Amino acid sequence: MEKNQKINCTVSSCKYNNVNTKGCMLEQIHVTPIPDCNTCEPDESMCSSYEFDRE
């Protein structure tokens, strides 16, 4: 993986989302399978680094 890759994000409720650039402020994210998902294709994963922005 190249070190200059970007993480794009449009989830405005996440505290790591930069709404001005639509980018994630984390250097890396953790992606996990959706729990108990046997037939979720193509949406079978989610960003586990998500944290709700309480502001």
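Residues numbered from 1 in each chain as written. Predicted model: local features only at pLDDT ≥ 70, side-chain atom pairs only at ≥ 80, totals over all residues. Heavy atoms only, no water.

Remarks on the confidence of the model for the protein chain
Part 1: Of the residues in the protein chain, 89% reach a pLDDT of 70 or more, and the chain-wide mean stands at 84.
Part 2: Mean pLDDT values for the elements of the protein chain range from 84 in strand E4 (residues 45-47) up to 94 in strand E1 (residues 17-18). (pLDDT = per-residue confidence, 0-100. Helix = DSSP H or I, 4+ residues; strand = E, 2+ residues; numbered from the N terminus.)

As for the pattern of salt bridges
Part 1: Using the criterion set out here, one finds one salt bridge in the structure.
Part 2: Residue Lys 15 pairs with Glu 51 through a salt bridge whose shortest N-O separation is 3.4 Å. Residue Lys 15 is located in the segment before E1, and its partner Glu 51 is located in the segment after E4; the two are separated by 36 residues in the primary sequence.
Part 3: Judged by its relative accessible area of 35%, Glu 51 is partly exposed. (Salt bridge = Lys/Arg side-chain N within 4 Å of Asp/Glu carboxyl O. Buried < 20%, exposed > 50% of the residue type's maximum accessible area, 1.4 Å probe, protein only.)

Considering the side chain of Asn 17
Part 1: In this fold, Asn 17 is placed in strand E1.
Part 2: Of the polar contacts made by the side chain of Asn 17, one reaches the backbone oxygen of Val 11; its length is 3.0 Å.
Part 3: Dropping the residues within four chain positions of it, Asn 17 is found in contact with Cys 9, Thr 10, Val 11, Ser 12, Lys 22, Gly 23 and Met 25. (Polar contact = N/O pair within 3.5 Å; in protein donor to acceptor, adjacent residues only side chain to side chain. Contact = heavy atoms within 4.5 Å.)

Observations regarding the environment of Pro 33
Part 1: Position of Pro 33 among the secondary structure elements: in strand E3 (residues 31-33).
Part 2: Filtering out sequence-adjacent residues up to four positions away, Pro 33 remains in contact with Glu 44 and Ser 45.

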